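Structural characterization, general
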Amino acid sequence: MNLHRVSLVDSPASNPPRSGVGHPPGQPGGPVKLKTPSLLPGSDGEHALQTKYASEDRANTFYARQVLNFLAPRMREFISQQEFMFVGTADRHGECDCSPRFGEPGFIHVLGNKHLLYPEYRGNGVFASLGNISENPHIALLILDFYRDSVGLHVNGKARIAQSDELEAFADKLPKDVLAELAKEGKRRPNKWVMVEVEEAYIQCSKHIPLLKKLERPIDWGTDSVAAKKGDYFQLKDIPLYDRIGGDQAMDIAVDLFHRKLLEDDLVGRFFDDVDMAAQRLKQKSILAMAFGGPYQYSGVELVSKMGLEARHFDRISTILKETLEELKIGAAEIEEVMQVIETTREAILNLLDRQCWR
C-alpha cells in the first residue's frame, strides 16, 4: 500500500487512566485521543463515505492496484504523448477553478518519476490557475487520451511557478524538449512554467471515455483575434452589464464605496451628510442600476435631497462615480458606457433645481 498521503483516524487512548482517576474524555485533563496512521491514500472524507456506503472493499482494491505516489514507466510514456489536460486548482479559501491546457504532443514534460513540468502560454491574462497556485500549491491534473487508447491519468500533487529565465539557469540539467521550448521566440515562447511534485497518480478508466477522430484545423497560438477565439460564442454582449458584473449584490458593493466617497468629498459631501441614509443609498443604488442597464427605472432627479446643486457639483459627483467604478476594476469601455448614461440625467437634475421643485 502506498504511503503518499497518510490519513489520520481518531482512536481511543491505548492507556486510559485508572478507574476513578482523571477527567471525562474531551475535558481538560481527560484521556488523550491518539491519531492512528493509516496506509490508505485519499482523504478522511472519502474513507468515511466508503464506510457509510459499504464500498470499502472496492475502494481498497482500487487503492492497492492502481494508486501510486510516483509515475510508473507506462504513465511517463503516456504523458509524453498527450496534447491537452485539465488543471484543477483552488485559492486559499478553497474556491476552485478548472482550466484546460493545450499544446503539441509532449508539451507536458516528464522529469523523472516524481516531477512534471508544463509551460504556460499566453492566454487571456486572467491567471486563474497561477493565481490559485500562488496562494495554495495543491493541484489536480486530469490527462485524457481521446485519440488512441481512450484512457486517462490523474496526477495530484503540489505545484510551484517558475519563470523561463529561472529555468534557463539550469539548462545543463533540463531535457532537450524543454530547452527547445525555451529557445522559441515571440508568442510561442512560454514565459512561465508550472512544476508539479507528484503525490498521487492513478488511472481514469476507459469505459466512459469516447474515442474521437482528430481533424486538422489551423491554430494561431497566442492570438488575440476575437474571431479565431470565438470570443462571443455565448453572446454575452447581449446580456445587460448589470447582470454581467453581478446584479443586485454588485450594486450594493458599488453603492457602499460610492456613498463613502461622496461623504468624504469637500465639494459635494454637504449634500449627503444629513439625509436619510437608507433612502439615500436606495436612490444611489437605483441610479447605478439604471446606468448599468438593470431593472430599475430612474430619471436622476432623486440623486440629492438639498437645493443648490450646480453643474460643478454634478461634474464632481460624476468624477467620484467614475473613480468608484475604476477602483472596483470595471472595464474602461463599460465605465464609459455607464458615464454616458449618467450624463443624460444632467439636464433633468439641473433644470429641476432651477425651478426649485425638489422632491
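Given the structure is predicted, the values throughout are model-derived calculations rather than measurements.

**As for the overall build of the protein chain**
When helices and strands are tallied, the protein chain shows 13 helices and nine strands. The proportion of buried residues among the 359 residues of the protein chain is 38%. In the protein chain, 71% of the contacts between residues at least 6 apart in sequence involve partners at least 24 apart. For the protein chain, the exposed surface amounts to about 21500 Å²; the carbon and sulfur share of it is 54%.

**Points about the pairing of strand 9 (residues 192–204)**
One ladder, built from six bridges, connects strand 6 (residues 115–120) with strand 9; its direction is antiparallel. Opposite Glu120, over in strand 9, you have Lys192 as the bridge partner. In this sheet, strand 9 lies alongside strand 8 (residues 151–163) in antiparallel orientation, the contact comprising 12 bridges. Note that in strand 9 the partner of Gln163 across the bridge is Lys192.

**As for the side chain of Ser129**
Examined against the element boundaries, Ser129 turns out to sit in helix 4 (residues 128–135). In this structure the side chain of Ser129 is engaged in a polar contact, spanning 3.3 Å, whose partner is the side chain of Arg101. Here Ser129 is in contact with Val87, Thr89, Asp97, Ser99 and Arg101, once residues within four sequence places are set aside.

**Structural notes on the packing of aromatic side chains**
Counted according to the given criterion, the structure contains five aromatic pairs. A ring pair is formed by Tyr233 and Phe234, whose centres lie 5.0 Å apart and whose planes are at 85°; its orientation type is edge-to-face. In terms of burial, Tyr233 and Phe234 fall into one category: exposed. The structure contains a cluster of three or more aromatic residues connected by ring pairs, namely Phe84, Phe86, Phe102 and Phe146.

About the cut-offs
- Residues numbered from 1 in each chain as written.
- Predicted model: local features only at pLDDT ≥ 70, side-chain atom pairs only at ≥ 80, totals over all residues.
- Heavy atoms only, no water.
- Helix = DSSP H or I, 4+ residues; strand = E, 2+ residues; numbered from the N terminus.
- Buried < 20%, exposed > 50% of the residue type's maximum accessible area, 1.4 Å probe, protein only.
- Contact = heavy atoms within 4.5 Å.
- Areas by Shrake-Rupley, 256 points an atom, 1.4 Å probe, with all protein chains shown as cover.
- Pairing = 2+ DSSP bridges.
- Polar contact = N/O pair within 3.5 Å; in protein donor to acceptor, adjacent residues only side chain to side chain.
- Phe/Tyr/Trp six-rings, centres within 6.5 Å; stacked < 30°, edge-to-face > 60°.

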